[in-house]
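Geometric and topological summary
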Amino acid sequence: MSGNGWPTVGVAGARGVVGGMFCSILADAGLPADCLRPFGHREGSTLAYRGTTLPVEILDDARAAELDVLFLAVDGPQSREIMAGAGASAALVVDNSSAFRLADDVPLVVPEANAHAARGRTGNLIANPNCTTAAVVVPLVAIRDAAGLASVDLASYQAVSGAGRKGLDAFAAERGTDHRERAAESPFHGRIADSVVPQIDVLDETGWTGEEKKIHAEIRKILELPELDVAATTVRVPVHTGHSAALHIRTERETSVDELEAALRAAPGLEYRPADGSERHPMPLDVEGRDPVLVGRLRAIPGRDRGFALWVSSDNLRKGAALNAIQCAAAADPDRFGKLLPPPR
Ligand SMILES: NC(=O)c1ccc[n+]([C@@H]2O[C@H](COP(=O)([O-])OP(=O)(O)OC[C@H]3O[C@@H](n4cnc5c(N)ncnc54)[C@H](OP(=O)(O)O)[C@@H]3O)[C@@H](O)[C@H]2O)c1
């Protein structure tokens, strides 16, 4: 810890979309500029932070050893490379990539569901889940605790910022062009402006995508239900920020909409919107820049025993990435990292 009581915080990939959100949240929390160490892979670049300009450094062993916590906002291969080298010297690392999420000795954490896994970690690494997983487990854990969970089917509606800088650039390039033109460079499997793209990540030989398999395995791991019946179809939509999902679930025990609504209203990290339309249903523009996962449209599925439907929206860059990672550090060591939590938004 530095002399001013703040931890020294490193952000690898600080100039990326998620890295930028880390810096913005840490600034809101009041982290002084001399406690933030931004890292990137190019010498000479800089980062604006709370009225100052910070140099973006290359991460090495000596710099990592000076950090109380290191947030990784880089892709999977880069996270693996960092953890095979300098990352081992950092006191605590929270990784946003998919590289270590399913490793047995690495906790995969959404604090509303399994903060105990962050506290009980055996190494210096905590994994942050996929942005859709992080959002949907917040209501799912409340439902699991109220009535048990037998199955979860979901279709996601994922924003372009979920694909990082390249995704935002491709969306910007396509908007306003002829509705059949594609951006010259795009991470998407088809034009995204004026369209929806029902493939995120690579397809395997059975027809499932990497994103769908991540959600399947990560929900099971975080909810500590290794046999849970989960199926996801993931879809990219022409939305800047804010992932949504339609969930169809089955509970284990008999329950009612009223009981589930009461459980959701009492759940942490969640804002419940009534299904009767008396308040606006959760939408991406309502969650962008906000912390809670918004949940609405809860209803019983006619003719399906213990079947319920609900709708979830959340900011993929905050709860889906940077905010959840900071909450993981705070859950792991509240005395050291609790100060990094921003005022609620
Ligand atoms: N976007 C989301 O909603 C979201 C949500 C959850 C998780 N994630 C995960 O978060 C990670 C970052 O995603 P993103 O959307 O922020 O991607 P991004 O916008 O493409 O940013 C990636 C960043 O990594 C930097 N970088 C590349 N190599 C590096 C290295 N060796 N050391 C340090 N920095 C390096 C890049 O630097 P330059 O700018 O210099 O190229 C860039 O700033 C990914 O693993 C992604 O899967 C993203």
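Keep in mind it's a predicted model, so treat the numbers as computed, not measured.

1. Topic: the overall build of the protein chain
Secondary structure summary: the protein chain contains eleven helices and 13 strands in total. A compact globule built from 345 residues would reach a C-alpha radius of gyration of about 20 Å, and the protein chain, at 20 Å, matches this within 12%. Looking at the protein chain as a whole, 49% of its 345 residues are labelled buried. For the protein chain, long-range pairs separated by at least 24 residues make up 67% of all intrachain contacts whose partners lie at least 6 apart in sequence.

2. Looking at the packing of helix 5 (residues 131–147) against helix 7 (residues 210–223)
Between helix 5 and helix 7, the least distance of the axes is 10 Å, while the angle of their chain directions is 40°. The angle between helix 5 and helix 7 falls in the class oblique. Remark: the crossing between helix 5 and helix 7 carries right-handed chirality. Here helix 5 contributes Thr132, Thr133, Val136, Val137, Leu140, Val141 and Arg144 to the contact with helix 7, which in turn contributes Lys214, Ile215, Glu218, Ile219, Ile222 and Leu223. Among the residues making up the contact of helix 5 with helix 7, the classes are represented as eight nonpolar, two polar and three charged.

3. With respect to the environment of His41
Secondary-structure assignment places His41 in the loop between strand 2 (36–39) and strand 3 (46–49). Residue classification places His41 among the partly exposed positions, given that 13 C-beta atoms sit within 10 Å. Along the primary structure His41 and Asn128 are separated by 87 residues, whereas in three dimensions their C-alpha atoms are 22 Å apart.

4. Quick look at helix 4 (residues 111–119)
Within the sequence span of helix 4, burial applies to Pro111, Glu112, Ala113, Asn114, Ala117 and Ala118. For helix 4, the arc enclosing every buried residue in end-on projection is 145°, short of the 170-degree limit, so these residues lie on one face. For helix 4, the secondary structure elements touched by its buried residues are strand 7 (125–127), helix 5, helix 7 and helix 10 (318–332).

5. Observations concerning the pairing of strand 9 (residues 229–236)
Residues Val230, Ala232, Thr234 and Arg236 point to one face of strand 9 and are all buried, whereas Asp229, Ala231, Thr233 and Val235, pointing to the other face, are not buried. Relative to strand 9, strand 8 (residues 149–158) is paired through eight bridges, and the arrangement is parallel. Considered in strand 9, the bridge of Leu154 is made with Ala232.

6. A short note on the sheet that holds strand 13 (residues 307–314)
Sheet strands pair via backbone hydrogen bonds, and the direction of the pair is either parallel or antiparallel. Sheet architecture is open: six strands sit in the order 9-8-10-13-12-11, paired in mixed fashion. Each edge of the open sheet is held by one strand with a lone partner, namely strand 9 and strand 11 (270–272). For this sheet, the mean angle separating the axes of adjacent strands, direction not counted, is 20°. As paired elements, strand 11 and strand 12 (residues 293–300) share three bridges and run parallel to each other.

7. A word on the domain arrangement of the protein chain
The assigned domain composition of the protein chain is domain 1 (9–128 + 320–340) and domain 2 (132–159 + 196–314). Of note, the centres of domain 1 and domain 2, computed from C-alpha atoms alone, are 26 Å apart. Contacts between the two partners involve eleven residues from domain 1 and, on the opposite side, 17 residues from domain 2. Broken down by secondary-structure element, the contributors of at least two residues to the side of domain 1 that touches domain 2 are helix 4 and helix 10. Of the residues belonging to the side of domain 1 that touches domain 2, the class tally is five nonpolar, four polar and two charged.

8. With respect to the site of the ligand
Not every one of the 27 residues close to the ligand is listed here, only the nearest: Gly13, Gly16, Val18, Ser97 and Gly164. Only helix 1 (17–29), helix 3 (76–84), helix 6 (164–174) and helix 10 provide two or more residues apiece to the shell around the ligand. It is helix 1 that contributes the most residues to the shell around the ligand, three residues altogether. Class assignment of the residues belonging to the shell around the ligand gives a composition of nine nonpolar, 14 polar and four charged.

9. Focus on the nonpolar core
Core analysis: the largest hydrophobic core is formed by 98 residues, its most contacted members being Phe22, Val137, Ala322 and Ala329. Of the residues that make up this core, three or more belong to each of domain 1 (9–128 + 320–340) and domain 2 (132–159 + 196–314). Sequence-distant contacts of Ala322, defined by excluding residues within four places in its chain, comprise Val18, Met21, Phe22, Ile25 and Leu317. Judged by nonpolar contacts, the second largest core, of eight residues, contains Val160, Ala170, Phe188 and Ile192.

10. As for the sheet that holds strand 1 (residues 9–12)
Here we have five strands laid out as an open sheet, ordered 2-1-5-6-7, and parallel in their pairing. The open sheet terminates on both sides in strands that have one partner only, identified here as strand 2 and strand 7. Neighbour-to-neighbour, the strand axes of this sheet turn through a mean angle of 15°, independent of strand direction. Pairing analysis gives three bridges linking strand 6 (residues 93–95) to strand 7, with the strands arranged parallel. Residue pairing in the sheet places Asp95 in a bridge with Ala127 of strand 7. Contacting strand 1, strand 2 and strand 5 (69–72), helix 1 runs over the sheet at an angle of about 155° to strand 1. Docked against the sheet, helix 10 engages strand 5, strand 6 and strand 7, running at close to 145° with respect to strand 6.

11. Quick look at the environment of Phe100
Mapping Phe100 onto the fold places it in the loop between strand 6 and helix 4. Put simply, Phe100 and Lys339 are 239 residues apart on the chain and 26 Å apart in space, counted from C-alpha to C-alpha. Look past the residues within four positions of Phe100 in its chain and what remains in contact with it is Asp95, Val106, Leu125 and Ala127.

Reading the values: rules and limits
Residues numbered from 1 in each chain as written. Predicted model: local features only at pLDDT ≥ 70, side-chain atom pairs only at ≥ 80, totals over all residues. Helix = DSSP H or I, 4+ residues; strand = E, 2+ residues; numbered from the N terminus. Rg over C-alpha atoms; globule rule 2.2 N^0.38 Å. Buried ≥ 20, exposed ≤ 12 C-beta atoms within 10 Å, placed from the backbone. Contact = placed C-beta atoms within 7 Å. Axes fitted to C-alpha atoms, helices over the stretch in contact; angles between N-to-C directions. Parallel < 35°, antiparallel > 145°, perpendicular 65-115°, else oblique. Left-handed = near helix turned anticlockwise from the far one by under 90°. Nonpolar A, V, L, I, M, F, W, Y, C, P; charged D, E, K, R; others polar. Arc of directions from axis to C-beta. Pairing = 2+ DSSP bridges. Domains from an automatic or database assignment. Near = placed C-beta within 6 Å. Core = buried A, V, L, I, M, F, W, Y, C linked by C-beta atoms within 7 Å.

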